[in-house]
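Next come the chains, spelled out residue by residue.
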Amino acid sequence: QVQLVESGGGLVQPGGSLRLSCAASGSIFSIYAMNWYRQAPGKERELVATITSGGSTNYADSVKGRFTISRDNAKNTVNLQMNSLKSEDTAVYYCNADVRRSFSYSSVEVWGQGTLVTVSS
């Protein structure tokens, strides 16, 4: 069993910053890509940022230059630093990872429970 637990969401004013964190735990052999998704009210879930095990990153156009994804492979954690937040960033943010479990040759996709980010004055 592998779990992802997010933290760091909350209410922030436009132009402010928040840092989301996600920790993976359980029977983990290795973690490949780690991702942050978000889902705004009435909208489909969208990919926000990706980071590979080697540290390569990719971002949605809507967050480029404002969000930074990082990870600590030793601690099985991934973070999302969000700066210059806008009202349209309001959403539930989900951590997602491609995990190879211990004693397994295959990987599974794991999701966190989500953390709410509200950008409002």
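These numbers were taken from a predicted model, which means no experiment stands behind them.

Cut-offs and rules
- Residues numbered from 1 in each chain as written.
- Predicted model: local features only at pLDDT ≥ 70, side-chain atom pairs only at ≥ 80, totals over all residues.
- Heavy atoms only, no water.
- Salt bridge = Lys/Arg side-chain N within 4 Å of Asp/Glu carboxyl O.
- Buried < 20%, exposed > 50% of the residue type's maximum accessible area, 1.4 Å probe, protein only.
- Helix = DSSP H or I, 4+ residues; strand = E, 2+ residues; numbered from the N terminus.
- Core = buried A, V, L, I, M, F, W, Y, C linked by side-chain atoms within 4.5 Å.
- Pairing = 2+ DSSP bridges.
- Axes fitted to C-alpha atoms, helices over the stretch in contact; angles between N-to-C directions.

**Overview of the pattern of salt bridges**
And then number 1: Taken as a whole and assessed by the stated rule, the structure comprises four salt bridges.
And then number 2: E46 serves as the salt-bridge partner of R38, at 2.7 Å between the closest nitrogen and oxygen.
And then number 3: The exposure class of E46 is partly exposed, given its relative accessible area of 33%.
And then number 4: The partner of R66 in a salt bridge is D89, with the nearest N and O atoms 2.8 Å apart. In this pair, R66 sits in the loop between β6 (57–59) and β7 (67–72) while D89 sits in the loop between β8 (77–82) and β9 (91–101), placing the two residues 23 residues apart along the sequence. You'll find R66 and D89 in the same group, each marked buried.
And then number 5: One connected set of salt bridges, linked through shared partners, spans R38, E46, R66 and D89.

**Side note on the nonpolar core**
And then number 1: With 32 residues, the main nonpolar core has W36, L80, M82 and Y93 as its most contacted residues.
And then number 2: Here this core takes five residues from β9, the largest share from any one element.

**Description of the sheet that holds strand β1 (residues 2–7)**
And then number 1: Strand order in the open sheet formed by four strands is β1-β3-β8-β7, and the pairing between neighbours is antiparallel. Across the chains shown, the open sheet's two edge strands, defined by having one partner strand only, are β1 and β7. The mean inter-strand angle of the sheet, taken between neighbouring strand axes irrespective of direction, is 15 degrees.
And then number 2: Of the strand pairs in this sheet, strand β3 (residues 18–26) and β8 are connected by six bridges, and their pairing is antiparallel. Residue L20 lies in a different strand from β8, and its bridge partner there is L80.

**As for the pairing of β7**
And then number 1: Side chains F67, I69 and R71 project from β7 onto a buried face, and the interleaved T68, S70 and D72 project onto a face without burial.
And then number 2: Adjacent in sequence and paired antiparallel, β7 and β8 are bridged by four residues, among which N76 carries a positive phi angle near 55 degrees.

**Focus: the pairing of strand β5 (residues 46–51)**
And then number 1: Across five bridges, strand β4 (residues 28–39) lies against β5 in antiparallel orientation. Across the sheet, the residue bridging to Y37 is L47, located in β5.
And then number 2: Relative to β6, β5 runs antiparallel, the two being bridged by three bridges. In the sheet register, A49 faces β6, and the bridge partner there is Y59.
And then number 3: Between β5 and β6, which pair antiparallel one after the other, the connecting turn spans five residues, and G55 there sits at a positive phi close to 100 degrees.

What is shown is where atoms sit, not what they do.
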